[in-house]
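Residue-level listing of the chains:
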Amino acid sequence: IFGSLYKEKNYVEAYDAWNHVYNNCAGVKSVVFIWGPRIVESKIKVTTDEAEKAALVEQLISIYDKRLEYFPGKEGYVKAEKASKYYKYNKDSIDRAAAYFEEAYAIDSKMTAAQLNGYFMASIKQFNVTKDAEALFVIYDKVTESISAQRSEEHTSGTPVTQ
């Protein structure tokens, strides 16, 4: 049911059916985890109750851990997505977001442009608190190295590097 609703772009309507599968037989198909974030984020956008919204954000973050549990692979990408979503919805918890980005980068430095942006933005917010310029420049160097490596790989292969 949630697959049909998802394909029709009825993400909010797909939530209940998706949630049932996620909670009762998550390991049945990888699409539970691939489509799950869009479904949950759509539900977050329309939810007005703050407690329910917080529970949905928590569920969104847990999707990435469960995905790696049931369908290992692309660990760096999945952890970077987790970090990006955590940062998006938990702006007041910068240290944890930064730690998630660090963990993802340690696994695979080839993050998407959006992930690298989130990584650097979280580092800037962390700098605003700590005033540790050296730590900020370390992240800046990591981000620019990742971009340079991906550009070099694109140039060598002639095709864009994708996740």
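Please refer to the structure higher up on the page.
The structure reproduced in this document is the subject of the present report. (Residues numbered from 1 in each chain as written. Predicted model: local features only at pLDDT ≥ 70, side-chain atom pairs only at ≥ 80, totals over all residues. Heavy atoms only, no water.)

1. Structural notes on the packing of helix 4 (residues 36-46) against helix 5 (residues 50-70)
Move 1: Contact pair helix 4 / helix 5: the axes reach a minimum separation of 9 Å and the direction vectors enclose 170 degrees. Considering the angle they form, helix 4 stands roughly antiparallel to helix 5. Judged by residue contacts, Gly 36, Pro 37, Val 40, Glu 41, Lys 43 and Ile 44 of helix 4 engage Glu 52, Lys 53, Leu 56, Val 57, Gln 59, Leu 60, Ile 63 and Tyr 64 from helix 5.
Move 2: Taken together, the residues of the contact of helix 4 with helix 5 break down into 8 nonpolar, 2 polar and 4 charged. (Axes fitted to C-alpha atoms, helices over the stretch in contact; angles between N-to-C directions. Helix = DSSP H or I, 4+ residues; strand = E, 2+ residues; numbered from the N terminus. Parallel < 35°, antiparallel > 145°, perpendicular 65-115°, else oblique. Contact = heavy atoms within 4.5 Å. Nonpolar A, V, L, I, M, F, W, Y, C, P; charged D, E, K, R; others polar.)

2. With respect to the pattern of salt bridges
Move 1: Tallied over the entire structure, the rule returns 5 salt bridges.
Move 2: Residue Glu 41 is joined to Lys 88 by a salt bridge in which the shortest nitrogen-to-oxygen separation is 3.0 Å. Of this pair, Glu 41 sits in helix 4 while Lys 88 sits in helix 6 (residues 75-89); the two residues are 47 residues apart in sequence, bridging distant segments of the chain.
Move 3: What makes Glu 41 buried here is its relative accessible area of 9%. (Salt bridge = Lys/Arg side-chain N within 4 Å of Asp/Glu carboxyl O. Buried < 20%, exposed > 50% of the residue type's maximum accessible area, 1.4 Å probe, protein only.)

3. Notes on the packing of aromatic side chains
Move 1: Across all of its chains, the model carries 12 aromatic pairs by this definition.
Move 2: Through a chain of ring-to-ring contacts, the aromatic side chains of Tyr 15, Trp 18, Tyr 22, Phe 33, Tyr 70 and Phe 71 assemble into a single cluster.
Move 3: Here Lys 82 stacks its cationic end above the ring of Tyr 100, 4.3 Å away from the centre of that ring. (Phe/Tyr/Trp six-rings, centres within 6.5 Å; stacked < 30°, edge-to-face > 60°. Lys NZ or Arg CZ within 6 Å of the ring centre and 35° of its normal.)

4. What about helix 4?
Move 1: Among the 11 residues in helix 4, 8 count as buried, and that is most of the element.
Move 2: Turning to helix 4, its buried residues number three or more, namely Gly 36, Pro 37, Ile 39, Val 40, Glu 41, Ser 42, Lys 43 and Ile 44.
Move 3: Where helix 4 is buried, its residues meet helix 1 (2-7), helix 2 (11-25), helix 3 (31-34), helix 5 and helix 6.

5. Side note on the environment of Phe 120
Move 1: You can see Phe 120 is positioned in helix 8 (residues 113-130).
Move 2: Considered as a pair, Phe 120 and Val 143 are 23 residues apart in the sequence and their alpha carbons are 7.3 Å apart.
Move 3: When near neighbours in sequence (up to four residues on either side) are disregarded, Phe 120 contacts Leu 136, Ile 139, Tyr 140 and Val 143.

6. Some words on the environment of Ser 62
Move 1: By the element assignment, Ser 62 lies in helix 5.
Move 2: Among the polar contacts made by the side chain of Ser 62, one reaches the main-chain carbonyl oxygen of Gln 59 at a distance of 2.8 Å. (Polar contact = N/O pair within 3.5 Å; in protein donor to acceptor, adjacent residues only side chain to side chain.)

7. Let's talk about helix 8
Move 1: Its 18 residues give helix 8 an end-to-end C-alpha distance of 25 Å, which sits within 8% of 26 Å, the value for a rise of 1.5 Å per residue.
Move 2: For helix 8, the set of buried residues is Gln 115, Leu 116, Gly 118, Tyr 119, Ala 122 and Ser 123. Buried residues of helix 8, seen end-on, are gathered within an arc of 160 degrees and therefore sit on one face of the element. Along helix 8, exposed side chains directed more than 90 degrees from the buried face belong to Ala 113 and Ala 114.
Move 3: Just downstream of helix 8 lies Lys 131, where phi reads positive at about 60 degrees. (Expected span 1.5 Å × (residues − 1). Arc of directions from axis to C-beta.)

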